[in-house]
Amino acid sequence: MGGRQVKGAAAYLAVGALLGAVTGCGTDREEPVEVAGAIDQPAPTSREAGERNARKAALAAYSGYLAVTREASGASDPHHPELTTYLADPLLTRVRYTLRAAKEHGAVRIGTLRSDPVVTAVDIANVPPTVEIQDCLDATGWQLVYAEDKRVVPGSQSTRHLATATVTRYPDGRWLINAGASHEDQPC
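What comes next concerns the included structure. (Residues numbered from 1 in each chain as written. Predicted model: local features only at pLDDT ≥ 70, side-chain atom pairs only at ≥ 80, totals over all residues. Heavy atoms only, no water.)

Notes on the side chain of T130
Relative to the assigned elements, T130 resides in strand β3 (residues 130-146). Apart from the residues within four sequence positions on either side, T130 is in contact with A121, V122, D123, T166, V167, T168 and W175. (Helix = DSSP H or I, 4+ residues; strand = E, 2+ residues; numbered from the N terminus. Contact = heavy atoms within 4.5 Å.)

This is the structure we're talking about:
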């Protein structure tokens, strides 16, 4: 995910620079500014726009889920207040159970979890609408350790592996991850 953040930031800065150049250049010209390639492209259909918005919302929910899970795992807090912002059952219950078990054993997660999610399917016609995400999670730097002395918990070696998630739009309009799996037997 670090790579995507850099690309996203670079794209954001490039767009900001372009907008700054167009709006803040200080000239009195009144010539129209054309964006290359925008003229000959057909307008997106409402379905295309709906799918694009669903992809964006699902990836934002997934990114939020990973961030909140990392934070909650750092304290093994099954009642972290933001878990319900990104998760729904049955995944919410599974995540809380895992956090509770780690806490009961005096363990927390430390380090870095890297992610590179890709949307593999969008179904906005489904009731409720869903988006499928596939991710190559690199958890090799994200370790389960005993909170007391930071020793690695035996048998908890993390891997780089495939993960999948289902993001669903709920009636209140929120996109929440309600299903997910780590396929540790499938390296990526």
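What about the packing of aromatic side chains?
As enumerated under the stated definition, the model contains one aromatic pair in all. The cationic tip of R109 hangs over the ring face of W142; the distance from NZ or CZ to the ring centre is 4.9 Å. (Phe/Tyr/Trp six-rings, centres within 6.5 Å; stacked < 30°, edge-to-face > 60°. Lys NZ or Arg CZ within 6 Å of the ring centre and 35° of its normal.)

Digging into the nonpolar core
When a protein is soluble and globular, its nonpolar side chains tend to lie buried together. Ranked by internal contacts, the top residues of the largest apolar core, which has 27 residues, are Y65, L83, L87, V131, V167 and I177. Taken together, the elements giving at least two residues each to this core come down to α2 (46-75), α4 (91-104), β2 (118-123), β3, β4 (160-169) and β5 (175-187). Take this core: its biggest share by element is eight residues, from α2. Other than its neighbours up to four places away in sequence, Y65 contacts Y86, L87, L91, V95 and I177. (Core = buried A, V, L, I, M, F, W, Y, C linked by side-chain atoms within 4.5 Å. Buried < 20%, exposed > 50% of the residue type's maximum accessible area, 1.4 Å probe, protein only.)

Let's talk about the pattern of salt bridges
Side chains bearing opposite charge may pair, as long as their charged atoms lie close to each other. In total, this model carries three salt bridges according to the counting rule given. R47 is the partner of E51 in a salt bridge, and the nearest nitrogen-oxygen pair spans 3.4 Å. Of this pair, E51 and R47 are both found in helix α2, four residues apart, which corresponds to roughly one turn of the helix. Since its relative accessible area comes to 46%, R47 is described here as partly exposed. Across the salt bridge formed by R151 and D149, the nearest N and O atoms sit 2.7 Å from each other. Judged by its relative accessible area of 48%, R151 is partly exposed. (Salt bridge = Lys/Arg side-chain N within 4 Å of Asp/Glu carboxyl O.)

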